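Architecture at a glance
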Amino acid sequence: MKDPLVIVCAGGGGVGKTTTSAALALALAARGHQTLIVTIDPARRLAGAMGVPVTDEVTLVPLAAAKGRLSALMPDPRRSMRAFIDYLFADEPEAKARVLSNKLYIGLADAAAGVHELVAMNLVARAATDGDFDVVVIDTAPSRHAIDFVTYPARLAALLGGRSVSWLAGLAQRSGGAAPAPRGLLSWGTGHVEHLLARVTGPNLVRDTADLFGDLALVRERFVSLTRRASELLLGERVAYALVAAPTAAARDDVIFLAARLEKLGRRPRAIVLNRADTRPAPWVSALRAGRGVAPSITDVLDALEEERSTRSSAADGLAAHLHAKLPWASIVRLPYVEASAPEVIVAALSTELDAHLAALLPEAR
Ligand SMILES: Nc1ncnc2c1ncn2[C@@H]1O[C@H](COP(=O)(O)OP(=O)(O)OP(=O)(O)O)[C@@H](O)[C@H]1O
Ligand SMILES: [Mg+2]
C-alpha cells in the first residue's frame, strides 16, 4: 500500500473545477504517475468532462499515450452509502441486514448533505488502500462550504474512536433489557439523553439509534481505520489544496472565502488556478492579417478582437495581482480560455497547459 499524494480542487460554481481536476489528472498520468481522479460532487459531471464512462467503481480510463495510468471514480449519492455498508459489513451479513432496514440508517442515507462527501471519502480511502496510486485528484461540489468536508472524517474518527460508540452500543443492549444499568455519572447522563431523545423524536428513534450503533460497533475497527485513512488523505502531510477561479468578482470572492476557511483549519492553498484567464490569438487571425489586400472592414474586426483579448488578459492580470497580494504563499497558475465546445477537447488542451505547472500544484515535498 502506497501513501498517495492528494490534490483537492475547490472553488465557486462553474469556474472549471471539474475540468481543471480532469485535466490535472490527465497531465499527471501522462507524466507517468498512477493517478486516481474522483469527484465527490453529488452532481457527478466528471464523466461528461472526460468524455468517457465513469462509474461508482474505480475504472481505468483508456489513454492514447501516457506513461502512467489514469483511473476514475464517481460515487453515486444514491448508492455510495450502500457500497460502503456492503464493504463494512462484508463479514457480518446479519448485522448488515439489520442496518439496511434500520429507520435511522434509511433517514441518514437520504439526508445527502455532508453524508455523501463523508461516505465518498471513505470509498476513496478504500480505493487508495486497495489501489496503487501515486496521486489522487479530488473534484469538489460548487459550494463555499465544499472545503469543510476535509474535516468530516477526522470528526467522525474521533467520535468512533472515543467512548461514544461503546456507550451507544450499550444503550442498544439496555433498551433490549440485556445489560445492567451503568452506575454513577454515566447512568445519569445516559438516562437523561435517552429521555430527551425519546421526548423529541419518539421512542422508536432511540431504539433505532441504539440498534444502529450496536451493529456499527461490530465493524468498528474497519470503520475507524478507513475513516482515519480518509482523514489522513485530506488533512495529512501529503495533501495540497488548489483553489480554482475564473476572472470574475464572484469567483475571486469565493477563493478568498475558501482560503479563509482553510486558514481556520490551519491549512493554506498550495495554488490558485486562474481558469479562462487568457485568450490566445487564433492562428487564423495572423493568417488573415498577413494576407495581401485585406479589406479594411476585416482589419477593423481583427483589431476589435485583439482589443477584447487584451482587455480580458488585463482583467486576469488584475485578479492575479489581487490574489497574490492576499495569498502570497499560493502559486498562481493561469489557464487559457479554450475555444472548443466538446468538454473532453477542453480537458485535453488544458492538460497540455498544466504539464508545465505540476510542481506548483503537487503537495510540497517535506
Ligand atoms: N479554460 C476553459 N476554456 C473553455 N471552456 C472551459 C474552460 N474551463 C471550463 N470550461 C467549460 O466551462 C463549463 C464549466 O466547467 P466545469 O464543469 O469544469 O466547472 P465546475 O466549476 O466544475 O462547475 P460546477 O460548479 O457546476 O461543478 C464546462 O462546459 C467546461 O467545458
Ligand atoms: Mg464540477
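In the block above lies the structure referred to throughout.
These remarks concern the structure in this document. (Residues numbered from 1 in each chain as written. Chains lettered and ligands numbered in written order. Predicted model: local features only at pLDDT ≥ 70, side-chain atom pairs only at ≥ 80, totals over all residues. Heavy atoms only, no water.)

A short note on the sheet that holds strand S6 (residues 239–245)
Using the following cut-off: Two strands are counted as paired when DSSP detects at least two bridges linking them. Labels follow the DSSP assignment, with helices taken as runs of H or I lasting at least four residues and strands as runs of E lasting at least two, numbered in each case from the N terminus. Should any heavy atoms of two residues lie within 4.5 Å, those residues are counted as being in contact. Here, axes are lines fitted to C-alpha atoms. For helices the fit covers the stretch in contact, and angles between N-to-C directions go from 0 to 180 degrees.
In spatial order, the strands read S3-S4-S2-S5-S1-S6-S7-S8; together these eight strands make up an open sheet with mixed pairing. Two strands bound the open sheet, and with one partner strand each, they are strand S3 (59–60) and strand S8 (331–337). Relative to strand S5 (residues 135–139), strand S2 (residues 34–39) runs parallel, the two sharing five bridges. Across the sheet, the residue bridging to Val38 is Ile138, located in S5. Relative to the sheet, helix H1 (residues 17–30) contacts strand S1 (5–11), S2, strand S4 (69–73), S5, S6, strand S7 (271–279) and S8, its axis offset from that of S5 by approximately 170 degrees.

Here we look at the site of ligand 1
Stated formally: A cutoff of 4 Å decides nearness: a residue is near a molecule or strand if any of its heavy atoms lies inside that distance of it. Two N or O atoms count as a polar contact when they lie within 3.5 Å, although within protein this holds only if one can serve as hydrogen donor and the other as acceptor, and sequence-adjacent residues are included solely when both atoms are side-chain atoms. Note on residue categories: nonpolar means Ala, Val, Leu, Ile, Met, Phe, Trp, Tyr, Cys or Pro, charged means Asp, Glu, Lys or Arg, and polar means any other residue, Gly included.
Contacts to ligand 1 come from 17 residues, most closely from Gly14, Lys17, Thr18, Thr19 and Arg276. Thr19 places a side-chain nitrogen or oxygen 2.4 Å from an oxygen atom of ligand 1. Secondary structure elements with two or more residues in the shell around ligand 1: H1, S7, S8 and helix H15 (343–354). For the shell around ligand 1, the element with the most residues is H1, which contributes three residues. By residue class, the composition of the shell around ligand 1 is seven nonpolar, six polar and four charged.

Quick look at the nonpolar core
Put simply, the rule reads: Put simply, a nonpolar core is a bunch of buried Ala, Val, Leu, Ile, Met, Phe, Trp, Tyr and Cys residues held in one set by side-chain atoms that sit within 4.5 Å of each other. Exposed residues in this analysis have more than 50% of their type's maximum accessible area, buried residues have under 20%, and partly exposed residues fall in between, with area computed by a 1.4 Å probe over protein chains only. Source of the domain bounds: an automatic or database domain assignment.
Ranked by size, the top nonpolar core spans 97 residues in total, and within it Val8, Leu24 and Ile138 carry the most contacts. Looking at this core element by element, the count peaks at ten residues for helix H6 (residues 115–130). Looking at this core, you find at least three residues from each of domain 1 (5–77 + 112–144 + 237–281 + 311–361) and domain 2 (78–111 + 149–229). In contact with Leu24, not counting residues within four places along its chain, are Ile7, Cys9, Val137, Leu354, Leu358 and Leu361.

A look at the pairing of S4
Of all the five residues making up S4, four are buried; the element is thus mostly covered by neighbouring parts of the structure. When S2 meets S4, the two strands line up parallel, connected through five bridges. Paired with Val38 across the two strands is Leu73, which belongs to S4.

Describing the environment of Asp86
Residue position: Asp86 is located in helix H3 (residues 80–88). A relative accessible area of 31% means that Asp86 is categorised as partly exposed. For Asp86 and Lys96, which are ten residues apart along the polypeptide, the C-alpha to C-alpha distance reads 7.6 Å.

Focus on the packing of aromatic side chains
The criterion, for reference: Working definition: a ring pair exists when centres of Phe, Tyr or Trp rings (six-membered ring for Trp) sit within 6.5 Å. Plane angles under 30 degrees give stacked, over 60 give edge-to-face, the rest tilted. The rule is short: NZ of Lys or CZ of Arg within 6 Å of the ring centre and within 35 degrees of the ring normal puts a charge over the ring.
The full count for this structure, using the stated rule, is one aromatic pair. A ring pair is formed by Phe84 and Phe223, whose centres lie 5.5 Å apart and whose planes are at 70 degrees; its orientation type is edge-to-face. Residue Phe84 is found in helix H3, and its partner Phe223 is found in helix H11 (residues 220–235); the two are separated by 139 residues along the sequence. Phe223 shares its class with Phe84; the two are buried. Above the plane of the ring of Trp329 lies Arg268, whose end atom (NZ or CZ) is 3.6 Å from the centre. Directly above the aromatic system of Tyr337 lies the positively charged group of Arg312, at a separation of 5.2 Å from the ring centroid.

Some words on the pattern of salt bridges
Close approach of charged atoms lets side chains of opposite charge pair. The condition is simple: Between Lys or Arg on one side and Asp or Glu on the other, a salt bridge is scored when a side-chain nitrogen of the former is within 4 Å of a carboxyl oxygen of the latter.
In the structure shown here, the tally under the stated rule is 15 salt bridges. For the salt bridge of Asp3 with Arg229, the shortest nitrogen-to-oxygen distance reads 3.0 Å. Of the two residues, Asp3 is situated in the segment before S1 and Arg229 in helix H11; the sequence distance between them amounts to 226 residues. Classification of Arg229 as buried rests on a relative accessible area of 8%. Put simply, Asp215 and Arg98 hold a salt bridge, and the shortest N to O gap is 2.5 Å. Here Arg98 lies in helix H4 (residues 93–100) and Asp215 lies in helix H10 (residues 203–218), a separation of 117 residues in the sequence. A relative accessible area of 6% means that Asp215 is categorised as buried. Arg98 sits in the partly exposed class, given a relative accessible area of 43%. One network of salt bridges, in which partners are shared, links Arg82, Asp86 and Lys96.

What about the packing of H6 against H11?
Put simply, the test is: An angle below 35 degrees is read as roughly parallel, one above 145 as roughly antiparallel, one from 65 to 115 as roughly perpendicular, and any other as oblique.
Viewed as axis vectors pointing N to C, H6 and H11 meet at an angle of 90 degrees, and their least axial separation amounts to 8 Å. Considering the angle they form, H6 stands roughly perpendicular to H11. Along the contact surface, H6 presents Met121, Asn122, Val124, Ala125, Arg126, Ala128 and Thr129, while H11 presents Phe223, Leu226, Thr227, Arg229, Ala230, Leu233 and Leu234. Taken together, the residues of the contact of H6 with H11 break down into nine nonpolar, three polar and two charged.

So, the side chain of Ser231
When you line up the elements, Ser231 lands in helix H11. In this structure Ser231 comes out as buried when scored by relative accessible area, which is 12%. Residues within four places of Ser231 in sequence aside, it is in contact with Pro153, Ala154 and Gly236.

Side note on the side chain of Glu117
Stated precisely, the cut-off is as follows: None of His or the chain ends enter the tally, which takes Lys and Arg as positive and Asp and Glu as negative.
If you trace the backbone, Glu117 turns up in helix H6. Buried and unpaired, Glu117 has no salt bridge, with Lys17 as the nearest side chain of opposite charge at 11 Å. Setting aside its immediate chain neighbours within four residues, Glu117 contacts Ile40, Phe149 and Tyr152.

A look at helix H14 (residues 296–326)
This is how the line gets drawn: Multiplying 1.5 Å by the helix residue count minus one yields the expected span of that helix.
Its 31 residues give H14 an end-to-end C-alpha distance of 45 Å, which sits within 8% of 45 Å, the value for a rise of 1.5 Å per residue. Buried residues of H14: Leu302, Ala316, Leu319, Ala320 and Leu323, and no others. Buried residues along H14 sit against helix H12 (249–264), S7, helix H13 (283–290) and S8.

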